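So the chains spell out like this:
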Amino acid sequence: MSSLAASDERTVISAAKAIQPAWVRLVHWINAVAMILMIMSGWQIYNASPLFSFNFSKSITLGGWLGGALLWHFAAMWLLMVNGMVYLALGLASGRFRKKLLPITPSGILSDARAALTGRLSHDDLSRYNYVQKMLYAGIIVVGIVIVLSGLSIWKPVQLQYLTALFGGYDVARYVHFTCMAAIVGFLIVHVALALLVPKSLRAMIIGR
Ligand code: HEM
């Protein structure tokens, strides 16, 4: 066998072995950066007109003031949206969502949650998500879609008035947008903690294996 053929074969074998394919890793980390920029600049925008009786500490916000935060928010918005659409298109077209995230059954979630809480959940096979992971990942993808749509409806409430109306109007859309942010921050805390608890899953999301 020529050395070129041998190296092709090695490439094929290592690609077949990847737990997280390169495109998933790339869109995942672009999404993580875009989400963090959106959240931190969003907190600064919120501070200019709070929905609740609290403000976010300036030390965890981005943009310095309302105008600066809006620039960050609208710049990162394109990154989040385009990257998210690539993830959805490839996830659907490649069958990844069907294979990795479905089916999700209540009994599966209950038994895997019980196993996790009693320390009996196996992490041996990283190529398969357990039911709690499937539920969280599918759930956060839906939240990601809703936060973008509610964001569009408060950004352009005149041009996209049908979308804004679908959320029950501008004011409700703001609460929906905020609630999705809170869900993403909650997800992120649990998600990062679990990734650190099972470091080989983090390694697979960085180098593929
Ligand atoms: C910035 C810190 C983050 C870290 C350290 C991190 C880490 C990871 C790791 C290690 C995995 C694979 C875990 C596994 O095998 O279960 C994963 C998958 C995933 N993460 Fe994150 N993540 C981060 C941010 C985010 C954010 C901000 C989101 C979305 C809001 C997100 C959504 C997802 C989804 C949906 C998957 C499954 C992807 C798929 O299989 O198609 N992650 N993440």
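Residues numbered from 1 in each chain as written. Predicted model: local features only at pLDDT ≥ 70, side-chain atom pairs only at ≥ 80, totals over all residues. Heavy atoms only, no water.

1. Observations regarding the coordination of the iron atom of the ligand
And step 1. Taken together, H28 (NE2) and H191 (NE2) make up the full set of protein donors to the iron atom of the ligand, lying 1.9 to 2.0 Å away.
And step 2. Here H28 falls in the partly exposed class, since its relative accessible area comes to 23%. (Donors = N, O, S within 2.8 Å, 3.2 Å for Na, K, Ca; no water. Buried < 20%, exposed > 50% of the residue type's maximum accessible area, 1.4 Å probe, protein only.)

2. Describing the layout of surface pockets
Empty space among the atoms becomes visible once a probe the size of a water molecule is rolled across them.
And step 1. The space that makes up the second largest pocket amounts to roughly 710 Å³.
And step 2. G42, I45, H73, I154 and H177 are, among the 30 residues lining the second largest pocket, the residues nearest its centre.
And step 3. At the level of elements, α2 (22-48), α3 (66-93), α6 (131-155) and α8 (170-197) are the ones that each hand at least two residues to the lining of the second largest pocket.
And step 4. It is α2 that provides the largest number of residues to the lining of the second largest pocket, a total of 8 residues.
And step 5. For the lining of the second largest pocket, the class distribution of residues is 24 nonpolar, 5 polar and 1 charged. (1 Å grid on protein atoms, 1.4 Å probe; cavity = no way out; pocket = protein on both sides within 12 Å on 5 of 7 lines; lining within 4 Å. Points joined across faces, edges and corners; volume = space filled by probe spheres on them. Helix = DSSP H or I, 4+ residues; strand = E, 2+ residues; numbered from the N terminus. Nonpolar A, V, L, I, M, F, W, Y, C, P; charged D, E, K, R; others polar.)

3. Observations concerning the packing of aromatic side chains
And step 1. In total, this model carries 16 aromatic pairs according to the counting rule given.
And step 2. Taking the centre distance of 6.0 Å and the plane angle of 5° together, the rings of F52 and F54 count as stacked.
And step 3. For the ring pair Y87 and F97, a centre distance of 5.2 Å and an interplane angle of 75° mean the geometry is edge-to-face. Here Y87 is found in helix α3, whereas its partner F97 is found in helix α4 (residues 96-101), with 10 residues between them in sequence.
And step 4. The cationic tip of K156 hangs over the ring face of W155; the distance from NZ or CZ to the ring centre is 4.8 Å. (Phe/Tyr/Trp six-rings, centres within 6.5 Å; stacked < 30°, edge-to-face > 60°. Lys NZ or Arg CZ within 6 Å of the ring centre and 35° of its normal.)

4. Looking at the environment of H28
And step 1. Positionally, H28 belongs in helix α2.
And step 2. Note: C-alpha distance between H28 and I206 (178 residues apart in sequence) is 9.6 Å.
And step 3. Beyond its immediate sequence surroundings of up to four residues, H28 is in contact with H191 and M205. (Contact = heavy atoms within 4.5 Å.)

5. Re the site of the ligand
And step 1. Neighbouring residues of the ligand: 20 residues in total, closest H28, Y87, Y129, Q133 and H191.
And step 2. Within the contact set of the ligand, an oxygen atom lies 2.6 Å away from a side-chain nitrogen or oxygen of Y87.
And step 3. A distance of 2.5 Å separates an oxygen atom of the ligand from a polar atom in the side chain of Y129.
And step 4. Among the secondary structure elements, those contributing two or more residues to the shell around the ligand are α2, α6, α8 and α9 (199-207).
And step 5. When its residues are assigned to classes, the shell around the ligand shows 13 nonpolar, 6 polar and 1 charged. (Near = heavy atom within 4 Å. Polar contact = N/O pair within 3.5 Å; in protein donor to acceptor, adjacent residues only side chain to side chain.)

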